[in-house]
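# Breakdown of the fold
Listed here are the chains, written in short residue letters.
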Amino acid sequence: MRAVIFDAADGRLDSTGASILDRSFDTIRKLGHVVSYGRAEGKPFANQWERLVQKSLTFTRMHLGHLDYGSAIWRRGVDEVMSGIENGAIQVPVKGVFTPKTVEDTFAALALRQTAGKLILKIAA
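In this text, all values refer to a predicted model and were calculated from it rather than measured experimentally.

Definitions and limits used
Residues numbered from 1 in each chain as written. Predicted model: local features only at pLDDT ≥ 70, side-chain atom pairs only at ≥ 80, totals over all residues. Heavy atoms only, no water. Pairing = 2+ DSSP bridges. Helix = DSSP H or I, 4+ residues; strand = E, 2+ residues; numbered from the N terminus. 1 Å grid on protein atoms, 1.4 Å probe; cavity = no way out; pocket = protein on both sides within 12 Å on 5 of 7 lines; lining within 4 Å. Points joined across faces, edges and corners; volume = space filled by probe spheres on them. Nonpolar A, V, L, I, M, F, W, Y, C, P; charged D, E, K, R; others polar. Patch = residues over 30% accessible without salt bridge, like charges linked within 9 Å, V, L, I, M, F, W, Y side chains within 5 Å. Areas by Shrake-Rupley, 256 points an atom, 1.4 Å probe, with all protein chains shown as cover. Salt bridge = Lys/Arg side-chain N within 4 Å of Asp/Glu carboxyl O. Axes fitted to C-alpha atoms, helices over the stretch in contact; angles between N-to-C directions. Phe/Tyr/Trp six-rings, centres within 6.5 Å; stacked < 30°, edge-to-face > 60°. Buried < 20%, exposed > 50% of the residue type's maximum accessible area, 1.4 Å probe, protein only. pLDDT = per-residue confidence, 0-100.

### What about the pairing of strand β3 (residues 58-61)?
Here strand β2 (residues 33-36) pairs with β3 via 4 bridges, running parallel. By the bridge assignment, H33 is partnered in β3 with T58.

Below you can see the structure in the form of structure tokens.
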């Protein structure tokens, strides 16, 4: 397997969209690549095309519906992540455990957008 060297100026991974995605175009080199996989702040701005062509950037918008969950590469990725969680290399912070009786608190925590970590809804004992 060949190592891939990816300099920070080569590309951006963006999960926020809106103004943060728009500002990231200023920080990338010409012919760089942007991968958008979320829009926590909102949809990308309408000027996205103009931002891309200024530096001949390429753009990918990852969508869950386009993934091949049955492929060998997907399975290998899942296995690596699960192994990392099991051996402690990947931390999964749990910020709250909720029950059906407190489910409204779960939505309140999400609406505040001030939580970082997993919110779990516990259905059964």
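### With respect to empty space enclosed by the protein
A water-sized probe rolled over the atoms picks out the places where empty space is left. Per the stated rule, a full pass over the model turns up 1 cavity of 30 Å³ or more. Around the largest cavity, the lining residues are A18, L21, D22, F25, P44, F45, N47 and Q48. A total of 3 residues in the lining of the largest cavity trace back to one element, the largest contributor, which is helix α1 (residues 18-24). Partitioning the lining of the largest cavity into residue classes produces 5 nonpolar, 2 polar and 1 charged.

### Observations concerning a nonpolar patch on the surface
A cluster of nonpolar residues, L13, Y37, M62, L64, Y69, I73 and W74, forms a patch on the protein surface that exposes about 750 Å² of accessible area. Following the sequence through the fold, M62 ends up in the loop between β3 and α3 (72-87).

### Quick word on the pairing of strand β5 (residues 118-121)
Pairing analysis gives 4 bridges linking strand β4 (residues 94-98) to β5, with the strands arranged parallel. By the bridge assignment for β5, G96 is matched with L119.

### Brief notes about the sheet that holds β3
The strand order across the open sheet formed by 3 strands is β1-β2-β3, and the pairing between neighbours is parallel. Because the sheet does not close on itself, it has two edges, and the strands there are β1 (11-14) and β3. Going from strand to strand, the sheet's axes swing by 10° on average, the running direction of each strand aside.

### A look at the packing of aromatic side chains
Under the counting rule described, the total for this entry stands at 1 aromatic pair. Each ring, one from Y69 and one from W74, has its centre 4.7 Å from the other, and the planes form 90°; the classification is edge-to-face. The class for Y69 is partly exposed, based on a relative accessible area of 46%.

### Digging into the confidence of the model for the protein chain
Taken over all residues, the pLDDT of the protein chain has a mean of 88, while the share at 70 or more is 93%. The weakest mean pLDDT in the protein chain belongs to helix α4 (residues 103-112) at 87; the strongest belongs to α3 at 95.

### Some points on the pattern of salt bridges
Side-chain pairs of opposite charge can arise whenever the charged atoms involved come near each other. Enumeration according to the criterion identifies 4 salt bridges in this entry. Between R29 and D10 there is a salt bridge, with its nearest N and O atoms 2.5 Å apart. With R29 in the loop between α1 and β2 and D10 in the segment before β1, this residue pair connects regions lying 19 residues apart in the sequence. With a shortest N-O distance of 2.9 Å, R51 and D26 are connected by a salt bridge. Placement of R51 in helix α2 (residues 48-54) and of D26 in the loop between α1 and β2 is noted, with a sequence separation of 25 residues between them. Taking relative accessible area as the criterion, D26 reaches 52% and is therefore assigned exposed. A network of salt bridges, in which partner residues are shared, links D22, D26 and R51.

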